[in-house]
Amino acid sequence: MAFLGVLALGYAVLLGDLLVGVGILFVLFAAITLMSAFEVVEAYERRPLTIFGEYRQVLAPGLHVIPPFVSRTYPFDMRTQTLDVPTQEAITRDNSPVTADAVVYIKVMDAKKAFLEVDDYKKAVSNLAQTTLRAVIGDMELDDTLSRRETINAKIRTELDEPTDEWGIRVESVEVREVNPTREVQRAMEEQTSAERRRRAMILEAQGERRSAVEKAEGDKQSNIIRAQGEKQSQILEAQGDAISTVLRARSAEAMGERAIIERGMETLEAIGQGESTTFVLPQELTSLVGRYGKQLSGADVQEMEALDALEFDAETEKMLGLDDIEAALEELESLEIGGTSGDVPTAEGEARPDEEDIIPDVERS
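Remember, predicted model here, so these are calculated numbers, not experimental data. (Residues numbered from 1 in each chain as written. Predicted model: local features only at pLDDT ≥ 70, side-chain atom pairs only at ≥ 80, totals over all residues. Heavy atoms only, no water.)

**Some details on the sheet that holds strand β9 (residues 169-181)**
The strand order across the open sheet formed by 3 strands is β7-β8-β9, and the pairing between neighbours is antiparallel. Among the strands making up the open sheet, the edge pair consists of β7 (81-91) and β9. With strand direction ignored, the average angle separating the axes of adjacent strands in the sheet is 20°. In the sheet, β7 pairs with strand β8 (residues 97-108) via 9 bridges, with the strands oriented antiparallel. Bridge assignment links V85 to a residue of β8, and that residue is A102. Strands in contact with helix α4 (residues 121-138) are β7, β8 and β9; relative to β7, the strand with the most contacts, it is inclined by about 35°. In the packing of helix α6 (residues 149-166) onto the sheet, the strands contacted are β8 and β9, and the crossing angle to β9 comes to about 140°. (Pairing = 2+ DSSP bridges. Helix = DSSP H or I, 4+ residues; strand = E, 2+ residues; numbered from the N terminus. Axes fitted to C-alpha atoms, helices over the stretch in contact; angles between N-to-C directions. Contact = heavy atoms within 4.5 Å.)

**Focus on α6**
When the terminal C-alpha atoms of α6 are compared, their 27 Å separation across 18 residues agrees well with the 26 Å that a helix rising 1.5 Å per residue should span. The sharpest bend along α6 reaches about 30° and sits at L160, with the proline P163 one to four residues further on. Of the positions making up α6, those classed as buried are I152, N153, I156, L160 and T164. For α6, the elements touching its buried residues are β8, α4, α5 (142-147) and β9. (Expected span 1.5 Å × (residues − 1). Bend = angle between axes of the 7 residues up to and from the residue. Buried < 20%, exposed > 50% of the residue type's maximum accessible area, 1.4 Å probe, protein only.)

**Section: the packing of α4 against α6**
Their axes nearest at 10 Å, the elements α4 and α6 cross at an angle of 140°. The pairing of α4 with α6 is recorded here as oblique in orientation. Crossing of α4 over α6 shows right-handed handedness. Packed against α4, whose contacting residues are V125, L128, A129, T132, L133 and V136, the element α6 presents I152, K155, I156, E159, L160, P163 and T164 at the interface. For the contact of α4 with α6, the per-class residue count stands at 9 nonpolar, 2 polar and 2 charged. (Parallel < 35°, antiparallel > 145°, perpendicular 65-115°, else oblique. Left-handed = near helix turned anticlockwise from the far one by under 90°. Nonpolar A, V, L, I, M, F, W, Y, C, P; charged D, E, K, R; others polar.)

**Structural notes on the pattern of salt bridges**
For the structure on display, the rule yields 11 salt bridges. Its salt-bridge partner being E54, residue R56 comes within 3.9 Å of it at the nearest N-O pair. Look at R56 and you get partly exposed, because its relative accessible area is 45%. Given the relative accessible area of 48%, E54 is considered partly exposed. (Salt bridge = Lys/Arg side-chain N within 4 Å of Asp/Glu carboxyl O.)

**Focus: the environment of E178**
Relative to the assigned elements, E178 resides in strand β9. Overall, E178 belongs to the partly exposed group, its relative accessible area being 43%. When the C-alpha positions of E178 and A102 are compared, they lie 7.3 Å apart, and in sequence the two are 76 residues distant. Excluding its chain neighbours within four sequence positions, the residues that come into contact with E178 are T99, A100, D101 and R149. Among the polar contacts listed, one links the side chain of E178 to the side chain of N180, at a separation of 3.1 Å. (Polar contact = N/O pair within 3.5 Å; in protein donor to acceptor, adjacent residues only side chain to side chain.)

Taken by themselves, the reported measurements are silent on function.
Rendered as structure tokens:
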């Protein structure tokens, strides 16, 4: 504006009219004065005001009238601001060199303190974040710096809170972006990771083989139990079959033996009946069988023979011996005798054969 006034004055002088030049200069001075007397503060700003270098107040958002030419304002952005922390080299507690960088989010809470207590609050916070980042990483081991980012962020924020509060600055958050060890350390870590993976694979494989062996042994055990139970049941059934077969064979042999004795006894009786003697001596076994046959055929036991036991045949033995056929044969024989003589039965020599009534008393006497 002063440059424009000088130009206007020089132009008026050249024209030969000094009064016009002075008038133009006065108008320009008045415009400059009015412009410097008004201060517009944005909604997101705060501006500390100084008059003759003395702090007076912090101007809020809006239009303000200030003394011209002797006043000065300093704008402060009250929004959250981002500060990039340059890459820092540090050595961990286990002597592993690493590089790390971070981002710090800050916000001006008190413009007066930020104006009076610190020269450049952004530069101050950035430098403080760098030193704090190196100190925090130096207190941790390499594995922790790589896996515990949240811990590093919290520690840096805690370390920045106290000094920045005195500056009217609040550290909202700190984010460590990268922590990189040197190439040698990275190579060693990769080898360690590969070895660890191989070890885990071998452990998993061994566990799988052990589980498979256990399940196989359990299956073999169950199979052996089932097989033993089957063999036991088979042996029991086989033994039961052998017992039943033995009993049946014994019964069959007993029945066949009695039948043979009876047939032999019948032949003996027939031979005795053809003889001339009227007195006969019979074995006890034969008389017992005769009694059983008599009971079967006549329905009555021989009561006179107290020494003999007349036993009954079961249905199976009766069928095997053919008692029904014998009874039919005896009935047929009786019918033939009724048709003939009721006295003596002629023999082959022409002699009279004693009747049945003559034989039985002799048997009883014997």
